[in-house]
Amino acid sequence: MALVVVDVQEKLAPHIEGIEEMLKRTVKLVKAIVALKQPVIFTEQIKLGKTVDELAEYAEEPIVKSTFSCYKDENFRRKIEELKPEKVILAGIEAHICVLQTAIDMKRAGYDVYIVTDCTGSRKAENKEIALMRLAGEGIKLTTWESIVYELLESAEHPAFREILQIVKN
């Protein structure tokens, strides 16, 4: 499993509808994935600045790209191939451009792709809504951050359960 956080950057984020709540949930998602000791990959689209402050501490070596689909970037593809995840979980912006194109390309390449809908955004709600309908039609799984985290936990006996519970509560 790998989480990919797509282009949550300082120049674009302020224009995303519902960004404050999306960022709060995305921080929780990233913290939970780190607690589960799973890899998190950040991408940055050229010319859009750095990853937002709320996520910057987790984005130590983001993959800077010019392609809209992360999967069409050679460095990204190399990183994914190195990790060999069965599941790829995507969050980020914009839902109808980079997230959508990345998800479709990764699905076609044989990955089991999940979109964390409450950690994904667009400048306009309609664009996100249409993108999610298209993604579902392409066979890509839609989920929420809590749902995917508990799916990965599988049990209250998991060693990271208490830490995850604190992340959920805060």
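In case you missed it, the structure is sitting above this.
What comes next is a walk through the structure. None of these values were measured; they are calculated from a predicted model. (Residues numbered from 1 in each chain as written. Predicted model: local features only at pLDDT ≥ 70, side-chain atom pairs only at ≥ 80, totals over all residues. Heavy atoms only, no water.)

**Remarks on the overall build of the protein**
Then, number 1: Within the protein, the secondary structure is distributed over seven helices and six strands.
Then, number 2: Structurally, the protein occupies a C-alpha span of about 40 × 35 × 30 Å along its principal axes.
Then, number 3: The proportion of buried residues among the 170 residues of the protein is 48%.
Then, number 4: Restricting the contact set of the protein to residue pairs at least 6 apart, pairs at least 24 apart contribute 74%.
Then, number 5: Positive and negative side-chain charges in the protein, numbering 24 and 28 respectively, have mean positions lying 2 Å apart. (Helix = DSSP H or I, 4+ residues; strand = E, 2+ residues; numbered from the N terminus. Buried < 20%, exposed > 50% of the residue type's maximum accessible area, 1.4 Å probe, protein only. Contact = heavy atoms within 4.5 Å. Lys, Arg positive; Asp, Glu negative; His and termini not counted. Charge placed at Lys NZ, Arg CZ, Asp CG, Glu CD.)

**Observations regarding helix 3 (residues 74-83)**
Then, number 1: Among the residues of helix 3, the N-terminal cap falls to Asp 73, whose side-chain oxygen and the backbone nitrogen of Asn 75 are separated by 3.0 Å.
Then, number 2: Just downstream of helix 3 lies Lys 84, where phi reads positive at about 50°. (Polar contact = N/O pair within 3.5 Å; in protein donor to acceptor, adjacent residues only side chain to side chain.)

**Re helix 6 (residues 145-153)**
Within an α-helix, residues lying three or four positions from one another point in the same direction, as the helix has 3.6 residues per turn.
Then, number 1: Burial in helix 6 covers these residues: Trp 145, Ile 148, Val 149, Leu 152 and Leu 153. One side of helix 6 carries all its buried residues, which in axial view fall inside an arc of 140°.
Then, number 2: Buried-residue contacts for helix 6 involve helix 1 (19-35), strand 4 (87-93), strand 5 (112-121), strand 6 (141-143) and helix 7 (161-169).
Then, number 3: Remark: Glu 154 follows helix 6 within two positions and exhibits a positive phi of approximately 70°. (Arc of directions from axis to C-beta.)

**Brief notes about the sheet that holds strand 4**
Then, number 1: With parallel pairing, the six strands of this open sheet are ordered in space as 3-2-1-4-5-6. If you trace the sheet from one side to the other, it starts and ends with strand 3 (63-65) and strand 6, each paired once. Within this sheet the neighbouring strands show an average axis-to-axis angle of 25°, counted without direction.
Then, number 2: One ladder, built from three bridges, connects strand 5 with strand 6; its direction is parallel. If you follow Ile 115 over to strand 6, its bridge partner there is Leu 142.
Then, number 3: Across the face of the sheet, helix 4 (residues 95-108) comes into contact with strand 1 (2-6), strand 2 (40-45), strand 3, strand 4 and strand 5 while running at roughly 165° to strand 4.
Then, number 4: Where helix 6 meets the sheet, it contacts strand 4, strand 5 and strand 6, and its direction lies at approximately 140° from that of strand 5. (Pairing = 2+ DSSP bridges. Axes fitted to C-alpha atoms, helices over the stretch in contact; angles between N-to-C directions.)

**So, the nonpolar core**
Then, number 1: Counting 36 residues, the largest nonpolar core has Leu 29, Leu 55 and Ile 164 as its most contacted members.
Then, number 2: Sorting the residues of this core by element identifies strand 1, helix 1, strand 4, strand 5, helix 6 and helix 7 as the ones contributing at least two each.
Then, number 3: Considering each element in turn, this core owes the most residues, nine residues, to helix 1.
Then, number 4: In contact with Leu 55, other than residues within four places in its own chain, are Val 5, Val 8, Leu 23, Thr 26, Val 27, Val 30 and Phe 42.
Then, number 5: Among the nonpolar cores identified, the runner-up in size contains 24 residues, and Ile 80, Val 88, Val 99 and Leu 132 belong to it. (Core = buried A, V, L, I, M, F, W, Y, C linked by side-chain atoms within 4.5 Å.)

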